[in-house]
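Fold and geometry: a report
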Amino acid sequence: ANDPDADRCAAAICDLNGSWRMLRGDEIGIIFGEWIARKKPTGTFGNSIVSSSALRKIAQHYGVDFQETLTGFKWLAKIEDLAFGVNGVKCFNIF
């Protein structure tokens, strides 16, 4: 689901009980990060200090460079050759 100007989105999954649950931003970031890492990207993954440590672990598993930054897209944008970034629990960028 998107908001009207498409600068935010939401995703949900059906749990084992058949109920729908909205995914948190970190969860979506982990799913995207895993998918991108499997494609053998060039570039670096990054996330802010308030994000889950899971993206670092995914990057290590697939041999992708990783950097952690302060909170804010302005810090993620300073990572040279950024392939995928997660900022906080709600936001992510795919480059």
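Details of the structure are given in the entry above.
Source: prediction; values computed, not measured.

1. Some words on the nonpolar core
Counting eleven residues, the largest nonpolar core is built from Ile 36, Ala 37, Phe 45, Leu 55, Ile 58, Ala 59, Val 64, Phe 66, Ala 83, Phe 84 and Val 86. Of all the secondary structure elements, the ones that give two or more residues to this core are α1 (25–38), α2 (54–62) and β5 (82–87).

2. Concerning the pairing of strand β4 (residues 65–69)
Taken together, the five bridges between strand β3 (residues 44–48) and β4 define a ladder with parallel strand orientation. Opposite Asn 47, over in β4, you have Glu 68 as the bridge partner. In this region the chain leaves β3, passes through α2 and returns to the parallel neighbour β4; the handedness of that crossover is right-handed.

3. Observations regarding the packing of aromatic side chains
In the structure shown here, the tally under the stated rule is one aromatic pair. Pairing Phe 45 with Phe 84 gives two aromatic rings, centres 5.7 Å apart and planes at 65 degrees, and the pair type is edge-to-face. Of the two residues, Phe 45 sits in strand β3 while Phe 84 sits in strand β5, which places them 39 residues apart along the sequence.

4. Here we look at empty space enclosed by the protein
Taken as a whole, this structure holds one cavity of 30 Å³ or more when the rule is applied. Quantified by volume, the largest cavity comes out at close to 50 Å³. Looking at the largest cavity, the residues that line it are Asp 26, Gly 29, Ile 30, Asn 47, Ser 51, Ser 52, Leu 55 and Val 86. With three residues, the single largest contributor to the lining of the largest cavity is α1. In terms of residue class, the lining of the largest cavity is made up of three nonpolar, four polar and one charged.

5. A short note on α1
Here α1 contains 14 residues, and its C-alpha end-to-end distance of 20 Å stays within 8% of the 20 Å for a straight helix at 1.5 Å per residue. Three or more residues of α1 are buried, namely Gly 25, Asp 26, Glu 27, Ile 28, Gly 29, Gly 33, Ile 36 and Ala 37. Downstream of α1 by a residue or two, Lys 40 has a phi angle that is positive, lying close to 55 degrees.

Procedures and definitions
- Residues numbered from 1 in each chain as written.
- Predicted model: local features only at pLDDT ≥ 70, side-chain atom pairs only at ≥ 80, totals over all residues.
- Heavy atoms only, no water.
- Core = buried A, V, L, I, M, F, W, Y, C linked by side-chain atoms within 4.5 Å.
- Buried < 20%, exposed > 50% of the residue type's maximum accessible area, 1.4 Å probe, protein only.
- Helix = DSSP H or I, 4+ residues; strand = E, 2+ residues; numbered from the N terminus.
- Pairing = 2+ DSSP bridges.
- Right-handed = clockwise from strand over helix to strand, strands pointing away.
- Phe/Tyr/Trp six-rings, centres within 6.5 Å; stacked < 30°, edge-to-face > 60°.
- 1 Å grid on protein atoms, 1.4 Å probe; cavity = no way out; pocket = protein on both sides within 12 Å on 5 of 7 lines; lining within 4 Å.
- Points joined across faces, edges and corners; volume = space filled by probe spheres on them.
- Nonpolar A, V, L, I, M, F, W, Y, C, P; charged D, E, K, R; others polar.
- Expected span 1.5 Å × (residues − 1).

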